[in-house]
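Residues per chain, in single letters:
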Amino acid sequence: MEKKSIDWANLGFAYMETDKRYVSYYKDGAWDEGALISDPSVTMSECACVLQYAQTCFEGLKAYTTEDGHIVTFRPDMNGERMEASAARLEMPAFPKERFVEAVARVVKANAAYVPPYGSGATLYIRPFMYGKNAVIGVKPADEFEFRIFCTPVGPYFKGGIKPLTICVSDFDRAAPHGTGHIKAGLNYAMSLHAIVTAHKAGFDENMDLAPGTRTKVEETGGANFLFVTKDNTVVTPKSDSILPSITRRSLVHVAKEYLGLKVEEREVYFDEVKDFAECGLCGTAAVISPVGKIVDHGKEICLPSGMSEMGPVTKKLYETLTGIQMGRIQAPEGWIQVIE
Ligand SMILES: *Cc1c(COP(=O)(O)O)cnc(C)c1O
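Overview of the structure. Think of each chain on its own: its residues are numbered from 1, step by step along the sequence as written. pLDDT decides what is reported in this predicted model: residues at 70 or higher carry local features, side-chain atom pairs at 80 or more are listed and counted, and totals for whole chains, interfaces and linings draw on all residues regardless. Only hydrogens and water are set aside when side-chain values are computed; all heavy atoms of the structure are taken into account.

Here we look at the pattern of salt bridges
And then number 1: Throughout this description, the term salt bridge denotes a Lys or Arg side-chain nitrogen within 4 Å of a carboxyl oxygen of Asp or Glu. Taken as a whole, this structure holds 15 salt bridges when the rule is applied.
And then number 2: Its salt-bridge partner being Arg267, residue Glu273 comes within 3.0 Å of it at the nearest N-O pair.
And then number 3: For Glu273, a relative accessible area of 22% corresponds to the partly exposed category.
And then number 4: The salt bridge involving Lys294 is made with Glu301; its shortest N-O contact spans 3.6 Å.
And then number 5: The network of salt bridges with shared partners includes Lys263, Glu265, Arg267 and Glu273. Throughout this description, buried means an accessible area under 20% of the type-specific maximum (1.4 Å probe, protein chains only), exposed means over 50%, and partly exposed covers the range between.

Here is the structure:
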């Protein structure tokens, strides 16, 4: 298979149209058999439920070329499971996770020419999503839905080296108590846009969201979970019902325990404790872990001992082990790697 002529190392994180996408339609209480199609456009009623009432959820995962030349995806069953949960909370029918995993494989295979080669640092980003498509004006769920998966090659996250982030404590709440913070809904992102634009204008890379209501506990950021390391090398990650359960974070917790022999605490984390941590990172599919060097709370600075020029030592070991597993350099736990071809 001939690769497309793409300057892999200089790709950013942007949409590029590829050859094929997967589409399945839900109508009269059932999903159709689904198909790979070429048309990247969507046409729908101006009154589609997704346009009026934002009935939509999504997923994000990646395909990688391993050291020995295979194309693989990382734990797609977890994304399928999470999307079932997101759909349920938004009154959408589940797209069964077994079919989800199969559809991901079909899209990647059909676009194999866009999967960046091993060593380029680039990856194929896969975006499954689902939305209410028929016209709805009275507030109620749609009864016709489209499930779709497209993919797009994306560049190395740490282009020009790893640069720790400076983040600020947000004045906005990301999630309401008992709300939708734990599902991957477009609406969580719609209302995060003002918060992130505000943070960027003030010179920060990201927001630290505190627990809604009390605002004393650390939750996450707009699109990544926190992972802290204490001065005696314990990995600490916040636990809360309004955090999106990151697959990267859950995988890193396993790696910390089972591969690195570290102690891990998944528990409530008070903002007051943050000043005592040695390392801080943001985990998500995009970067695996982005190190945080500085956290600013309304002018009060917390400078992590790991500094502003590199990842802390434990963060780095976690990063190297998980990316090693994804790229096939390190033996993966059973079931983590789906070989596409
Ligand atoms: C997608 C997402 C994450 C990261 O999850 P991964 O499965 O690791 O990619 C974290 N927080 C939020 C709010 C998200 O939407």
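Brief notes about empty space enclosed by the protein
And then number 1: Cavities and pockets are found on a 1 Å grid laid over the protein atoms alone: a cavity is a set of points where a 1.4 Å probe fits but cannot escape, a pocket is an open set with protein on both sides within 12 Å along at least five of seven lines, and a lining residue has an atom within 4 Å of such a point. Grid points are joined across faces, edges and corners, and a volume is the space filled by probe spheres set on the points. For the structure on display, the rule yields one cavity of 30 Å³ or more.
And then number 2: By volume, the largest cavity amounts to about 80 Å³.
And then number 3: Numbered from the N terminus, helices here are DSSP runs of H or I no shorter than four residues, and strands are runs of E no shorter than two. Put simply, the parts of the chain that give the lining of the largest cavity at least two residues each are strand S5 (61-65) and helix H6 (247-259).
And then number 4: The element that contributes the greatest number of residues to the lining of the largest cavity is S5, accounting for three residues.
And then number 5: Residues were grouped as follows: Ala, Val, Leu, Ile, Met, Phe, Trp, Tyr, Cys and Pro as nonpolar; Asp, Glu, Lys and Arg as charged; and all remaining residues, including Gly, as polar. Residues of the lining of the largest cavity, tallied by class, amount to five nonpolar, six polar and one charged.

So, the nonpolar core
A general trend in soluble globular proteins is that nonpolar side chains are found buried together.
And then number 1: We call a set of buried Ala, Val, Leu, Ile, Met, Phe, Trp, Tyr and Cys residues a nonpolar core when their side-chain atoms join them within 4.5 Å. Ranked by size, the top nonpolar core spans 39 residues in total, and within it Val108, Ile126, Met130, Phe147 and Ile149 carry the most contacts.
And then number 2: Put simply, the parts of the chain that give this core at least two residues each are strand S1 (21-27), S5, helix H2 (76-89), helix H3 (97-110), strand S7 (123-132) and strand S8 (145-154).
And then number 3: Note on definitions: a residue-residue contact is assigned when non-hydrogen atoms from the two residues lie within 4.5 Å. Contact partners of Ile149, with chain neighbours within four places excluded, come to Arg21, Tyr22, Phe100, Ala103, Val104, Val107, Ile126, Arg127 and Pro128.
And then number 4: Core analysis: the second largest hydrophobic core is formed by 26 residues, Tyr64, Val229, Val264 and Tyr319 among them.

Quick look at the packing of H6 against helix H7 (residues 313-326)
And then number 1: For helices, the fitted line uses only the C-alpha atoms of the stretch in contact; every axis is such a line through C-alpha atoms, and the angle between N-to-C directions lies from 0 to 180 degrees. At a minimum axis separation of 10 Å, H6 and H7 run at an interaxial angle of 105 degrees. When the axis of H6 is compared with that of H7, the two are roughly perpendicular. Counted together, Thr248, Ser251, Leu252, Val255, Ala256 and Tyr259 of H6 and Leu318, Thr321, Leu322 and Ile325 of H7 form the full contact between these two elements.
And then number 2: Of the residues contributing to the contact of H6 with H7, the split by class is seven nonpolar, three polar and no charged. Working rule for angles: under 35 degrees goes down as roughly parallel, over 145 as roughly antiparallel, 65 to 115 as roughly perpendicular, anything else as oblique.

Points about the site of the ligand
And then number 1: For each residue, the test is whether any non-hydrogen atom lies within 4 Å of the molecule or strand; if one does, the residue is near. Taken together, the neighbourhood of the ligand is formed by 15 residues, with Lys184, Tyr189, Ser246, Thr248 and Thr285 sitting nearest.
And then number 2: Here a polar contact means two N or O atoms within 3.5 Å. Within protein one must be a hydrogen donor candidate and the other an acceptor candidate, and residues neighboring in sequence count only if both atoms are side-chain atoms. Ser246 is positioned such that a nitrogen or oxygen atom in its side chain is 2.5 Å from an oxygen atom of the ligand.
And then number 3: A 1.4 Å probe and the Shrake-Rupley method give the accessible areas. Residues count as covered only by the protein chains that appear here. Its free accessible area being 380 Å², the ligand has 96% of it covered by the protein chains.
And then number 4: Class assignment of the residues belonging to the shell around the ligand gives a composition of four nonpolar, seven polar and four charged.

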